[in-house]
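Architecture at a glance
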Amino acid sequence: MRTSRIKRTKTVCTYCGVGCSFEVWTKGRKILKIEPQAEAPVNSISTCVKGKFGWDFVNSEERLTHPLIRKGDRFVEATWDEALDLIASKLGEIKQKYGPDSIGVIASSKCSNEENYIAQKFARAVIGTNNVDNCSRYCQSPATAGLMRTVGIGGDAGTIHDIASAGLVIVVGANPAESHPVLATRVKRAHKLRDQKLIVFDLRRHELGERADLYIHPTPGTDLIWMSAVTKYIIDQGWHDQAFLRDRVNGWEEYVASLERYTLDYAAERTGIAREQLIQIAAMIHEADGTCILWAMGVTQHMGGTDTSTAIANLLLVTGNFGRPNAGAYPLRGHNNVQGACDFGTMPAWMPGYEAVQDEKVRAKYERAWGVKLPEQPGLNNHQMVEAITKGKLKAMYLFGEEMALVDSNSNHVEHSFEQLEFFVVQDLFFTRTAQYADVVLPAAPSLEKDGTFTNTERRVQRFYQALQPLGDSKPDWEILQLVANRMGAAWNYRHPSELMAEAASLAPIFAGVTYERLEGWQSLLWPVAADGSDTPLLYKERFAFPDGKARLFPVEWTQPFHPGEEYDLHLNNGRLLEHFHEGNMTYRSEGLTHKVPREWLEVSTELAKERGLESGSLVRLTSPYGHVKVRVEVTDTVQGKELYLTMNTRDPEAAINRLTSSYHDKITHTPNYKEMSVKMEVL
Ligand code: SF4
C-alpha cells in the first residue's frame, strides 16, 4: 500500500485583504499545518487565527462534488455535460429572446485574478453585456470612487510598511485588530516601540481604540463633518502644504470656499466631538512626519460613503500627505481578493486595469484581441441587478463565489427577487443559501486546489500554488467558466491561469510587466507594473493619475444619514469577528474556529442593559422596517448608550444582519448603507 508523502506548498491566505502568504503542509488531503516563512513579503512569520486554523472547510463533507440540476422542488446530481448543456441552452435562449442585457454575472472577490478576468470576458465577449460586478459593491466601491475623483487611482497609496512607518495613523470606521489582524499588529508594534501616534474614530471602543492616543466616538454618520472642519482649521492656521498644493493640486479656491460652513462650532454640535479635540487632531496631523488614514466600512457603507472617502483624500492633499513615503490614503480591502476582482474588470463600467468601457479606443483594443463587438454602455451593478429582476428586466443570473442571499442588504427583498429569475446558475464550494434559488449549482474548487494569483490591499499581486486535487468532480472556477463559454460558441483554450494573466497583461497597461515568472515563489509585484517588470510600491511620486499629472481637490457636502422613524429608537452597527469571515461559509466549517466562537451575538451597553433588564445571554428580537432577527445579548462597555453592535458573521440565516438592513445606498456607487440602521428591541 502506498503512503502519501508530506508536501509543502506556498499559498496566500484566502481571508482578508492583508494578503499573508505561508506554506501549507499536506499529506494526502490532510492539512497538517500552516507555516509562515520569513520570505513572505507582507507577514513574514506572522499569521492570524484564520490564516492558521481556517482551512478545514476544504475537506468538509458539505463540499459540493457534483453539478446539481433543479427538478421541481429538489436538486438531482448531474454530469458536467448535462449541466453545461442546460446552462448554454437556457442562457442562449434568454439572450435571444430578451437581449444580452437581460443576463447578469456576479463575480467573486474570493476567486483569483485570472478567474475574475475570465468572468468579465465571459460577460462581455460571450453574453455581450457589461452587467458584471463583484462584492466590492457592498464594501469599498465608495473608497475607490473617492480616490478616483481626487488622486486618480482607487488603490492604497503605499504599502503596509508605509503605514507601520508613518508618524501618525488615523483609523476611521475600521476595526483592524479583528478584520485585518496582521496589519493591526504592525500598527500596535509601531505605536509601542516607535512612538507612532494613533487616533481611532469608531462607534466601538475596540482594541485599537483602547490603545490609541486619542479615541473618538463621533455621532453616527458624521465623519465628513469632522474631517472637513479639521481641514478648514488646518488651512485657517496656515498649516496646509502650500508648495505641494501650488505645484501638484488643482481646485484650491473652489474647495476652500466649500469648507466655509465647517467651522469648529458647527462640527462640534453635529459630531459630538469637543472643539478642543478637533484642534488636537489638526495639531497632531500638522506635527506628524507623515500621516496615513486607514478606513473601511464604517465610512463607506453610508449614503454619503463616496463623499466621506473624498473628504479623506482632500484632507491628505491639503496637508501634502500623498506621493511621499509613510503617508497617504489606505482603504482597507476586506476580502483577500476584492482589490484584484476590481482590478481585473469585474465592474460594470471598467475593463481590466480601470480602462473605461465607454472609451472607444479601449473597446477597439479588446475587440481586436477578442474578435467580438463589445457593448458600449456601462452595465448594471449588483444593486441595480436586483432591482432589474424585480422590474422583469433581468431574466437570468450567473453567480459564483458570492453568498448574495445573505450579504446583500435587505436580504428578504433579495431572496424574493431571486425567485423571479427565469434561470439562475450558482457556482460555489457549498450548497449556499443563495444556491437554494438556483436552477443549476456547479461545484467549484478553493484556492488550495488550484493555481492563480491574488492582489492584496496594497495592490500586491502574489502567486498561490495547487496543494490538493479538486475534491470529487469539482473544478477551478476559471475552468468552469471556460467550459460554459465554449458551450456558448467561444473557442477558448486556456490550459493554465498563467495564460489568462499573460492575456490581461498584454491588454491592460497597469499589468504590462506582470508574468508568472516574476511572481515565482515568494516574489510579488505591486501594480502599476511597467513592461520591464518594475513595480510601484508608492503611488503619485511624480504625478497623479490625471492627464495633467495634478490631483484634484473635490468639494463635498454632508448627507444626513437615513433614519426609518422615531419608533426605531436604537442605532444598530455591525462588523466582523476575528475568528470568522463574512457569511461564515468557510470559517464555520473550520473546527478550530467554530469551537472557539460558535455563533454571532449582539453587543448591548451596560446602561441600556440596565434600563431594559438584560444580561449576557438574554434573547431579544430586533425589528426594522425590513425584517427581524432573534439574537443573544452580550453586555459590554465596548458600545455606548443606545448603540448596539451585531456581529455580521453568522451561520443562522434568521440571525443575519441583512434581514434588517434597507435598500438605501451610497448616492454615487450604490453601496448599501449597512451602517445607517435603526431598530427596536423586544426582550423574549
Ligand atoms: Fe489571513 Fe488576513 Fe489573518 Fe493574514 S491577517 S492570516 S491575510 S486573515
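All figures in this text were calculated on a predicted structure; none of them were measured in a lab. Counting restarts for each chain, with residues numbered from 1 along the sequence as it is written. Under the rules for a predicted model, residues below a pLDDT of 70 receive no local features and side-chain atom pairs below 80 are neither given nor counted, while totals for whole chains, interfaces and linings still include all residues.

**Here's the deal with the overall build of the protein**
- By definition, any uninterrupted DSSP run of H or I lasting at least four residues is a helix, any uninterrupted run of E lasting at least two residues is a strand, and each is numbered from the N terminus. Along its length, the protein carries 24 helices and 28 strands.
- Here the radius of gyration uses the C-alpha set of atoms, whereas the globule reference equals 2.2 Å times the residue count to the power 0.38. The C-alpha radius of gyration of the protein comes to 24 Å, within 12% of the 26 Å expected for a compact globule of 684 residues.
- Overall, the C-alpha framework of the protein stretches about 70 × 65 × 55 Å when taken along its three principal axes.
- Think of it as a crowd count around each C-beta: if 20 or more other C-beta atoms lie within 10 Å the residue is buried, if 12 or fewer it is exposed, and in between it is partly exposed, with C-beta placed from the backbone throughout. For the protein, buried positions account for 56% of its 684 residues.

**Some remarks on unusual backbone geometry**
- For the peptide bond that leads from Trp 527 to Pro 528, omega is 0 degrees, which places it in the cis range.
- Inspection of the secondary structure assignment puts Pro 528 in the loop between β21 (524-526) and β22 (551-552).
- Here Asp 195, not a glycine, exhibits a phi torsion of approximately 60 degrees, which is positive.
- By the element assignment, Asp 195 lies in the loop between α7 (181-193) and β9 (197-201).
- Although it is not a glycine, Tyr 540 adopts a positive phi angle of roughly 70 degrees.

**Points about the sheet that holds strand β23 (residues 570-575)**
- A pair of strands is labelled paired if DSSP reports no fewer than 2 bridges between them. Read around the closed barrel, the six strands follow the order β23-β27-β24-β26-β25-β28; overall the barrel is mixed. Going across the sheet, the axis of each strand differs from the next one's by a mean of 45 degrees, ignoring polarity.
- Taken together, the four bridges between strand β24 (residues 602-605) and strand β26 (residues 627-636) define a ladder with parallel strand orientation. Bridge assignment links Leu 602 to a residue of β26, and that residue is Val 633. All axes here are fitted lines through C-alpha atoms, helices being fitted over the stretch that makes contact, and every angle between N-to-C directions spans 0 to 180 degrees.

**Remarks on the site of the ligand**
- Only the C-beta atom, placed from the backbone, is used; a residue is near a molecule or strand if that atom lies within 6 Å of it. The full set close to the ligand counts 14 residues, and Cys 13, Cys 16, Cys 20, Cys 48 and Gly 51 are the nearest of them.
- Within the residue set of the shell around the ligand, elements represented by two or more residues are α1 (49-53) and α7.
- Domain segmentation is taken from an automatic or database assignment of domains. Two domains each provide a minimum of three residues to the shell around the ligand, namely domain 1 (6-59) and domain 3 (141-332).

**With respect to the nonpolar core**
- Of all hydrophobic cores here, the largest spans 198 residues; its most connected members are Val 169, Val 230, Leu 278, Ile 293, Leu 294 and Trp 295.
- We call two residues in contact when the distance between their C-beta atoms, placed using the backbone, is within 7 Å. Not counting residues up to four positions away in its chain, the partners in contact with Leu 294 are Ile 163, Val 169, Val 171, Ala 174, Pro 176, Tyr 330 and Leu 332. In this description, a nonpolar core means buried residues of the types Ala, Val, Leu, Ile, Met, Phe, Trp, Tyr and Cys, linked to one another by C-beta atoms lying within 7 Å.

**Here we look at the packing of helix α3 (residues 113-127) against helix α22 (residues 497-507)**
- Here α3 crosses α22 at 65 degrees, and the two axes come no closer than 9 Å. In this structure, α3 meets α22 at a crossing whose hand is left-handed. For the pair formed by α3 and α22, the contact residues are Asn 113, Glu 114, Tyr 117 and Ile 118 on the first element and Pro 497, Leu 500, Met 501 and Ala 504 on the second. Handedness of a crossing follows from how the near helix is turned relative to the far one, being left-handed for an anticlockwise turn of less than a right angle and right-handed for a clockwise one.

**Here's the deal with helix α9 (residues 223-236)**
- Compared with the 20 Å implied by 1.5 Å per residue over 14 residues, the 20 Å span of α9 between its first and last C-alpha is a close match.
- All buried positions along α9 are accounted for by Asp 223, Leu 224, Ile 225, Trp 226, Met 227, Ser 228, Ala 229, Val 230, Thr 231, Lys 232, Tyr 233 and Ile 234.
- Turning to α9, the residues buried within the fold contact β8 (168-172), β9, α12 (264-271), α13 (275-287), α14 (297-300) and α15 (305-318).
- Looking one or two residues past α9, Gly 238 carries a phi angle of roughly 75 degrees, positive in sign. Helix span, as expected, comes to 1.5 Å for every residue beyond the first.

**Some thoughts on helix α18 (residues 382-390)**
- Listing the buried residues of α18 in full gives Asn 382, His 383, Met 385, Val 386 and Ile 389. All buried residues of α18 project into a common sector of 165 degrees when viewed along the axis, lining one side.
- Where α18 is buried, its residues contact β6 (103-106), β7 (132-133), β16 (396-400) and α20 (411-419).
- A positive backbone phi angle near 80 degrees is found at Gly 392, which sits one or two residues after α18. Along the arc lie the directions from the helix axis toward the C-beta atoms.

**Focus on the environment of Pro 348**
- Considering the arrangement of structural elements, one finds Pro 348 in the loop between α16 (338-343) and β14 (350-351).
- Taking the C-alpha atoms as reference points, Pro 348 and Pro 375, 27 residues apart in sequence, are found 11 Å from one another.
- Once residues within four sequence positions are removed from consideration, Pro 348 is found in contact with Asn 130, Asn 131, Val 132, Asp 133, Pro 378, Gly 379, Leu 380 and Asn 381.

**A short note on the pairing of strand β27 (residues 643-647)**
- Summarising burial for β27: four of the five residues are buried, a large majority.
- Here β23 runs beside β27; their pairing, made up of five bridges, is parallel. Within the sheet, the bridge partner assigned to Gly 575 lies in β27 and is Thr 647.
- In this structure, β24 lies alongside β27, joined through two bridges in antiparallel fashion. By the bridge assignment, Glu 603 is partnered in β27 with Tyr 645.

**Points about the sheet that holds strand β13 (residues 328-331)**
- One open sheet accounts for five strands, arranged β10-β9-β8-β12-β13; its pairing is parallel. Of all strands in the sheet, those with a lone pairing partner are β10 (214-216) and β13, marking the two edges. The average angle at which neighbouring strand axes cross in this sheet is 15 degrees, direction not considered.
- Relative to β13, strand β12 (residues 291-295) is paired through four bridges, and the arrangement is parallel. Looking across to β13, one finds that Cys 292 is bridged to Gly 328.

**Observations regarding the domain arrangement of the protein**
- According to the domain assignment, the protein contains domain 1 (6-59), domain 2 (68-138 + 336-458 + 468-516), domain 3 (141-332) and domain 4 (570-683).
- The straight-line distance from the C-alpha centre of domain 2 to that of domain 4 is 30 Å.
- The interface of domain 2 with domain 4 comprises 17 residues on the first partner and 17 residues on the second.
- At the level of elements, α18, α19 (404-407) and α20 are the ones that each hand at least two residues to the side of domain 2 that touches domain 4.
- The greatest single-element share of the side of domain 2 that touches domain 4, amounting to three residues, is contributed by α20.
- Of the residues assigned to the side of domain 2 that touches domain 4, the class counts are four nonpolar, nine polar and four charged. Gly counts as polar in this scheme, as do all residues outside two lists: the nonpolar Ala, Val, Leu, Ile, Met, Phe, Trp, Tyr, Cys and Pro, and the charged Asp, Glu, Lys and Arg.

**Considerations on the environment of Met 284**
- Turning to its location among the elements, Met 284 is positioned in helix α13.
- When the C-alpha positions of Met 284 and Leu 198 are compared, they lie 9.5 Å apart, and in sequence the two are 86 residues distant.
- With residues up to four places along the chain from it excluded, the contact list for Met 284 reads Leu 168, Lys 197 and Ile 199.

**A word on the environment of Gly 209**
- Within the secondary structure, Gly 209 is located in helix α8 (residues 207-211).
- On the basis of neighbour count, Gly 209 is assigned to the buried category, with 22 C-beta atoms found within 10 Å.
- Each C-alpha atom of the pair Gly 209 and Ala 177 lies 9.9 Å from the other, and the pair is 32 residues apart in sequence.
- Gly 209 has contacts with Val 200, Asp 202, Arg 204 and Tyr 215, leaving out every residue within four places of it along the chain.

**Quick word on the confidence of the model for the protein**
- One confidence number per residue, pLDDT, is output by the predictor and ranges from 0 to 100. Within the protein, residue pLDDT values average 96, and 100% of them lie at 70 or more.
- What the predictor reports for the complex is a pTM of 0.97 with an ipTM of 1.00.

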